[in-house]
Amino acid sequence: MAHIHLEDGAFTLQWISIWWVLALVLIGLCLFWMKKGKGIDSKTITIAAMLTAASFAIFQVNMPLFGGVHMNLTPLIGILGGPAIGGVIVLIVNVLSAAIGHGGWGMIGANVLVNMTEVSAGYGTYKLLSKTKVSTFARAGTAVLIGLFLGNITMIAIILISGVQGVTQSRIDMLYGLSLLAGVNMGVAVIEAIVTGYIVSYIERVRPDMLRR
Amino acid sequence: MFKTNHKKGLMIFGVLILVFLALSIAAYAISGNMGIEERFNNAVGIHPDSEEGVPSGIFGFNIEGNLVSYVIIASALIIICVVLYARSKP
């Protein structure tokens, strides 16, 4: 998964504000979309709450793989909740994560943008592949890989655009370092893809109505 | 027809997994064994003043951030889920 693990002060106030404003505009659009669409029933709220709890719980667990990585289930949020609810969920998860000291408060805006990319790309890929007759497991797994890959690209773009205060490293060196980091991140994306594939296949078997929303 | 598409889909997924796995192993081999924060700082060129020790946790799994806050927030979220689930049941 992709998450900007930089402390407050790494980005200038100008860039922190820009990413926050962009994230809030997108969240506003998500809320507008939710209100304008079918609305939110109690079942949707329950699913959203469960996705928030699951994502928060797993997001903080550092796995002993490649020296330390963690999952965040953002493409699963996209597949089950859709991009509008997913946007709100990733905002809540990022705020709660910052509250326990995982990520800076100033980074929430940028991290919401990264996670929203994962949610939207995961949702979009899953829906696109639904038109084919590919199995649910392969569809969900592919959606996760593509979602997390695009999330990593967004993360790299945000850091390169913002720049990091107090470092002498050139953007090219930074791109090289971040590409290696994204490469390592994709290792955990493989695990997340298999886990999500099984979860979505199981849900399709026992509660197919959850996937047809 | 269905089975062919299923197999094709699984094959594409399998190829993607192999590609990304190879990519991550190569990236790990080049960058070396580091924790998340250390890997990030190294990637962008930040040299922290003090090296923070990585907690060992259980079987290498540990919690990022404050453990007590994590337990409190996770418990609150679970309680909210149970309440919402009970209320949404017909």
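Residues numbered from 1 in each chain as written. Chains lettered and ligands numbered in written order. Predicted model: local features only at pLDDT ≥ 70, side-chain atom pairs only at ≥ 80, totals over all residues. Heavy atoms only, no water.

Undergrad: When you look at the overall build of chain B in this model, what are you seeing that I'm missing?
TA: Scanning chain B for helices and strands turns up 3 helices and 1 strand. Helices and strands appear in chain B in the N-to-C order α-α-β-α. When the accessible surface of chain B is totalled, it reaches about 6,500 Å², and 70% of it is carbon and sulfur. (Helix = DSSP H or I, 4+ residues; strand = E, 2+ residues; numbered from the N terminus. Areas by Shrake-Rupley, 256 points an atom, 1.4 Å probe, with all protein chains shown as cover.)

Undergrad: In this structure, what is going on with the confidence of the model for chain B? I would like to understand it.
TA: Caution is warranted with low-pLDDT regions, since their predicted coordinates should not be read in detail. All names here are of chain B. Here chain B averages 84 in pLDDT, while 84% of its residues score no lower than 70. Taking the mean pLDDT of every element in chain B, the minimum, 85, falls on helix H2 (residues 36-44) and the maximum, 93, on helix H3 (residues 67-88). Complex prediction metrics read pTM 0.91 and ipTM 0.84. (pLDDT = per-residue confidence, 0-100.)

Undergrad: Can you help me understand the interface of chain A and chain B in this one?
TA: It is common to give the size of an interface as the accessible area lost on bringing the parts into contact. At the interface, 56 residues of chain A touch 47 residues of chain B. Three residues stand out in chain A for area buried against chain B, namely His5(A), Phe66(A) and Ile100(A), and they jointly supply 14% of the buried area on that side. Counting across the interface, chain A meets chain B through 0 salt bridges. At the junction of chain A and chain B, the tally comes to 10 residue pairs in polar contact (both at pLDDT 80 or more). If you tally residues by element for the side of chain A that touches chain B, the top one is helix H6 (residues 171-206) of chain A, at 14 residues. (Contact = heavy atoms within 4.5 Å. Buried area = accessible area lost by both parts, 1.4 Å probe. Salt bridge = Lys/Arg side-chain N within 4 Å of Asp/Glu carboxyl O. Polar contact = N/O pair within 3.5 Å; in protein donor to acceptor, adjacent residues only side chain to side chain.)

Undergrad: Help me understand the packing of aromatic side chains, please; the structure alone is not making it clear to me.
TA: For any pair of aromatic rings, geometry is given as the distance between the ring centres together with the angle between the planes. The final tally for this structure, using the stated rule, is 6 aromatic pairs over all chains. Summarising the aromatic geometry, the rings of Trp15(A) and Trp19(A) are spaced 5.3 Å apart at their centres and angled 25° between planes, so their arrangement reads as stacked. With Trp15(A) and Trp19(A) both in helix H1 (residues 13-36), this residue pair falls 4 residues apart, about one helical turn. Since its relative accessible area comes to 8%, Trp19(A) is described here as buried. With centroids separated by 5.6 Å and ring planes inclined at 45°, the aromatic side chains of Phe149(A) and Phe20(B) adopt a geometry described as tilted. Separated into two different chains, Phe149(A) in helix H5 (residues 136-162) and Phe20(B) in helix H1 (residues 2-31) make up a pair that spans both. In textbook terms, an aromatic cluster arises when at least three aromatic residues are bridged by ring pairs, as seen for Phe137(A), Tyr198(A) and Phe13(B). (Phe/Tyr/Trp six-rings, centres within 6.5 Å; stacked < 30°, edge-to-face > 60°. Buried < 20%, exposed > 50% of the residue type's maximum accessible area, 1.4 Å probe, protein only.)

Undergrad: Help me understand the nonpolar core, please; the structure alone is not making it clear to me.
TA: Nonpolar side chains in soluble globular proteins tend to end up buried together. Formed by 57 residues in total, the largest nonpolar core has its most connected members in Ile4(A), Leu6(A), Phe11(A), Met155(A), Ile159(A) and Leu178(A). Of all elements in the fold, only H1, helix H2 (42-59), helix H3 (74-99), helix H4 (108-130), H5 and H6 of chain A together with H2 of chain B reach the threshold of two or more residues within this core. Ranked by residues supplied to this core, first place goes to H3(A) with 12 residues. When residues no more than four places from it in sequence are discounted, the contact partners of Ile4(A) are Phe11(A), Met107(A), Ala110(A), Asn111(A), Val114(A), Met155(A), Ile158(A), Ile159(A) and Phe40(B). Among the nonpolar cores identified, the runner-up in size contains 13 residues, and Phe137(A), Ala138(A), Leu148(A) and Ala189(A) belong to it. (Core = buried A, V, L, I, M, F, W, Y, C linked by side-chain atoms within 4.5 Å.)

Undergrad: Please explain the environment of Leu129(A) as it appears in this structure.
TA: Residues and elements named next belong to chain A. Along the polypeptide, Leu-129 turns up in helix H4. Placed 11 residues apart in sequence, Leu-129 and Ala-140 show a C-alpha to C-alpha distance of 8.8 Å. The residues touching Leu-129, leaving out its near neighbours within four places in the chain, are Arg-139 and Thr-142.

Undergrad: Got a minute to help me understand H2(A) in this structure?
TA: Three- or four-residue spacings in an α-helix give side chains the same orientation, since the helix completes a turn every 3.6 residues. Look at H2(A): 25 Å from first C-alpha to last across 18 residues, which is about the 26 Å you get at 1.5 Å a residue. Listed as buried for H2(A) are Thr44(A), Thr46(A), Ile47(A), Ala48(A), Ala49(A), Leu51(A), Thr52(A), Ala53(A), Ser55(A), Phe56(A) and Phe59(A). Contacts made by the buried residues of H2(A) are with strand S1 (61-62) and H3 of chain A together with H3 of chain B. (Expected span 1.5 Å × (residues − 1).)

Undergrad: Help me out: how do you make sense of the state of the cysteines in this one?
TA: One way to say it: the disulfide is the covalent bond shared by the sulfur atoms of two cysteines. Summed over the entire model, instances satisfying the criterion amount to 0 disulfides over all chains. In this model Cys30(A) remains outside any disulfide bridge; the closest cysteine sulfur is found in Cys81(B), 20 Å from its own. Judged by its relative accessible area of 6%, Cys30(A) falls in the buried class. Of the residues examined, Cys81(B) reaches a relative accessible area of 8% and is grouped as buried. (Disulfide = S-S within 2.5 Å.)

Undergrad: Would you mind showing me how to read the side chain of Arg139(A) here?
TA: Residues and elements named next belong to chain A. Note that Arg-139 resides in helix H5. Despite being buried, Arg-139 has no salt bridge partner; Glu-204 is the closest side chain of opposite charge, sitting 4.4 Å away. For Arg-139, the side chain forms a polar contact with the side chain of Ser-130, separated by 3.1 Å. Every residue in contact with Arg-139, bar those within four places of it in the chain, is listed here: Tyr-126, Leu-129, Ser-130, Val-134 and Glu-204. (Lys, Arg positive; Asp, Glu negative; His and termini not counted.)

Undergrad: Help me out: how do you make sense of the packing of H5(A) against H6(A) in this one?
TA: Residue and element names in this part refer to chain A. Packing of H5 against H6 brings their axes to within 7 Å, and their N-to-C directions diverge by 155°. Taken together, the axis directions place H5 and H6 in an arrangement best described as roughly antiparallel. Both H5 and H6 take part in a crossing whose hand is right-handed. When grouped by side-chain class, the residues that make up the contact of H5 with H6 number 23 nonpolar, 9 polar and 4 charged. (Axes fitted to C-alpha atoms, helices over the stretch in contact; angles between N-to-C directions. Parallel < 35°, antiparallel > 145°, perpendicular 65-115°, else oblique. Left-handed = near helix turned anticlockwise from the far one by under 90°. Nonpolar A, V, L, I, M, F, W, Y, C, P; charged D, E, K, R; others polar.)

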